[in-house]
Amino acid sequence: MNTFSQTIWLVPAYAILGLLMTIPWSPGLIRRTGPRPAGYINLLMTLAAFIHSLLGLREVWGAPTHYSLNWLHAANLDITFDVEVSATTVGALVVILGLNILTQIYAIGYMEMDWGWPRFYALLAVFEAGMAVLMLANSLFFSYVMLEILTLGTYLLIGFWFNQSLVVTGARDGFLTKRVGDLVLLMGVVALYPLAGTWNYDELTVWANTVELNPTVATLLGLALLAGPLGKCAQFPLQLWLDEAMEGPMPATVLRNAVVVSTGAWVLIKMQPVLELSPFVVNTEIAVGAFTAVSCAAIALAQVDIKRVFSYATSSYLGIVFIAVGTGNSQGALMLLLTYAIAMALMLMAVGGIILNNIAQDITQLGGLWSRRPISGICYVVGALSLVAVPPLGCFWGLAEIANGLSPTLLTVLLLVNGLTACSLARVFGQLFTGSITDWTKRSPEGLWALVLPMMVLLGVALHLPQLLAVLGLLPTLSLVTQPASLLLIGSTIIGAGIALFLYVGDRIPKPIKLPVPGIQDFFAYDFYTAQLYKVTVIAIVGFLAKFIDWFDRILVDGAVNLIGLFTIASGEGLKYNTTGQVQFYALSILMGTILFGLLLVYPLISAFP
């Protein structure tokens, strides 16, 4: 019996149960134990969900199933919760839950002295439940609902330390930026149902392959649906929210950058048959992905904040996923998402412990950490090598598979992004782990076991991922390594990393390194002045409209109402002096009013006579 695969839809319930069991500690109903049991309970629930998913994956391998649960039926609207249980969806569930377990263990050390444990682990449970449902949902409607839940969870986790002004600003800006994409996506979801009559992904694929849709309608519909993944994946022009999100706790950053932002790409892959109804939408998808990938990879090179480096690297790699999906290589995109998640989580955990111990995120203030933190250094190196094109490690296979199906122009984009990313990661390594010890790094030992254990587990997964993929039959053929595009990718890695290592390893070249033209360096450091561009365009226009509406409301609307009120008061004040208390006066007033009203009624008849 396939017990675990048949009940796989219960996996999100583990996180929800952990969330509910956290409640007694959250408002302080239970005080004697302290807040830590709330974290341990959520960790155990995630472990149970992981085991359930792992056993379900073994049962469902090669035998996918689909089933539906009725959710709402009203008039002509029939909404069902469609579930897809396949090796892809359950495998994604295993990866997400595995990273959740490691992140929650990591948080035990990182959040050791924080009394907000119940709230923090409850929010991680929101993340977990939302992503689990999203992986299993075979419905665009429920995918949108889960994306909204993840947006809320992101907002709350960014603003976790809400007593800091930058945290509040980052949470607000991140939430509002994502809401732009969510709102436009909702328009597309609502508009799609009358056209297709379904939100089921499989039925949408059949519909998209047979329908003849008006080109204008297809373009508008596709652009609306594309807006959601653009916001979730921090793609241009909605990429700034991910940088703002770095104000949250590091464990939340690990999850968000490794898997949460990838949920937008997951939905993009599911929706791609509908987007392909319009060539303009597909070209927009590729163009946005290419521009975001190159620009964010270049911007990362100019950052001195460690977290900002990885936020732009995340946007850059998801831009590559957009290119892959737009060119029809969804399998390569899924491979890249899997390997990217492990590599990014490993690097963020490695630098997270450094940030925690040294109370600094500025790489120009750090250095010489290799002798003090060798485990973190090794984990960072393996994570960095796994993220770029270095065979046989992780992301090489996804990047190579994507590269061999691209046009020369897009291949150039991919080579440039890979080279810039290799240069950026090698630069961070040089400034963190080599050179002279600074005042910030004199005392910087390896962290607690809870910080080191998840890194070591991920290190083993990253090193053995090729063998694991080979056992599962997912590893591309070894001949892929010798393809011309693959060799060019390897060459771009060597060139990019070689330049950075030459410039930043050791103290032979004075730091910080500055370009001959400071304006160019500032242009990249300040994200192409995108924030300033927003202020003089979008924010200025919205501000002007808000002031105009405020003026219209106060002067015209309120003015008209106030004028009527003043007239009523004045007329009432005037009439009160005509009250004499004599009955005949009131009778005369009623008679005169009746005569006046009668004249008004018969005036049109009188005016009709010559």
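Cut-offs and rules
Residue numbering note: each chain is counted from 1, following its sequence as written. Per-residue local features of the predicted model are confined to residues with pLDDT of at least 70, and side-chain atom pairs are confined, for both listing and counting, to 80 or more; whole-chain, interface and lining totals are unaffected and use all residues. With hydrogens and water set aside, each side-chain value is computed from the structure's full complement of heavy atoms. Strands here mean DSSP runs of E at least two residues long; helices mean DSSP runs of H or I at least four residues long; both are numbered from the N terminus. Between buried and exposed lies partly exposed: a residue is buried under 20% and exposed over 50% of the maximum accessible area for its type, with that area taken using a 1.4 Å probe on protein chains only. Only heavy atoms enter the contact rule, under which two residues are in contact if any of them lie within 4.5 Å. Shrake-Rupley sampling with a 1.4 Å probe provides the accessible areas, and residues are treated as covered by the protein chains on show and by no other component. As used throughout, the charge tally considers Lys and Arg to be positive and Asp and Glu to be negative, leaving His and the chain termini uncounted. Lys charges are placed at NZ, Arg charges at CZ, Asp charges at CG and Glu charges at CD. For this document, the term salt bridge refers to a Lys or Arg side-chain nitrogen within 4 Å of an Asp or Glu carboxyl oxygen. Axis lines are fitted through C-alpha atoms, for helices just across the contact stretch, and the angle between N-to-C directions can take any value from 0 to 180 degrees. These descriptions rest on fixed angle ranges, namely under 35 degrees for roughly parallel, over 145 for roughly antiparallel, 65 to 115 for roughly perpendicular, and the rest for oblique. We call a crossing left-handed when the near helix sits turned anticlockwise from the far one by less than a right angle, and right-handed when that turn is clockwise. Patch construction takes residues with relative accessible area above 30% that form no salt bridge. Like charges are linked within 9 Å, and nonpolar side chains (Val, Leu, Ile, Met, Phe, Trp, Tyr) are linked within 5 Å.

Trainee: Tell me what's going on with the overall build of the protein chain, and back it up with residues and numbers.
Mentor: Assigned secondary structure in the protein chain consists of 24 helices and 2 strands. Reported as C-alpha extents along the three principal axes, the dimensions of the protein chain are approximately 110 × 60 × 60 Å. For the protein chain, with 610 residues in total, the buried portion stands at 51%. For the protein chain, contacts bridging at least 24 residues in sequence account for 80% of all contacts bridging at least 6. As presented, the protein chain carries roughly 27900 Å² of accessible surface, and 72% of it is formed by carbon and sulfur atoms. Side-chain charges of the protein chain comprise 25 positive and 30 negative groups, with the mean position of each set lying 13 Å from the other.

Trainee: An account of the pattern of salt bridges is needed here, citing residue identities and associated values.
Mentor: Pairing between side chains of opposite charge can happen when their charged atoms approach one another. Scanning the model with the defined rule gives 5 salt bridges in all. A salt bridge links Glu84 to Lys270; its shortest N-O distance comes to 2.7 Å. Here Glu84, found in strand β2 (residues 77-85), pairs with Lys270, found in helix α12 (residues 262-275); they are 186 residues apart in sequence, far enough to count as distant. Just as Glu84 is buried, Lys270 falls in that class too. Residue Asp182 is joined to Arg179 by a salt bridge in which the shortest nitrogen-to-oxygen separation is 3.3 Å. Taken together, the positions of Asp182 and Arg179, both in helix α7 (residues 165-196) and 3 residues apart, correspond to about one turn of that helix. Among the charged side chains, a network of salt bridges with common partners joins Glu148, Arg179, Asp182 and Lys232.

Trainee: Tell me about the packing of helix α4 (residues 87-110) against helix α19 (residues 449-472), and name the residues and values.
Mentor: At their nearest, the axes of α4 and α19 sit 7 Å apart, and the two run at 155° to each other. As judged from the angle between their axes, α4 and α19 are roughly antiparallel. Taken as a pair, α4 and α19 cross one another with a handedness that is left-handed. Contact with α4, carried on its side by Leu99, Leu102, Ile105, Tyr106, Ile108, Gly109 and Tyr110, involves Trp449, Ala450, Leu451, Pro454, Val457 and Leu458 of α19 and no other residues of that element.

Trainee: Quick rundown of a nonpolar patch on the surface? Include the residues and the values.
Mentor: Judged by side-chain polarity, Ile541, Phe544, Leu545, Phe548, Ile549, Trp551, Phe552, Ile555, Leu556, Val557 and Val561 come together as a nonpolar surface patch covering roughly 1100 Å² of accessible area. With respect to the helices and strands, the residue Val557 is situated in helix α23 (residues 538-575).

In short, the description is geometric, and any link to function would need to be established separately.
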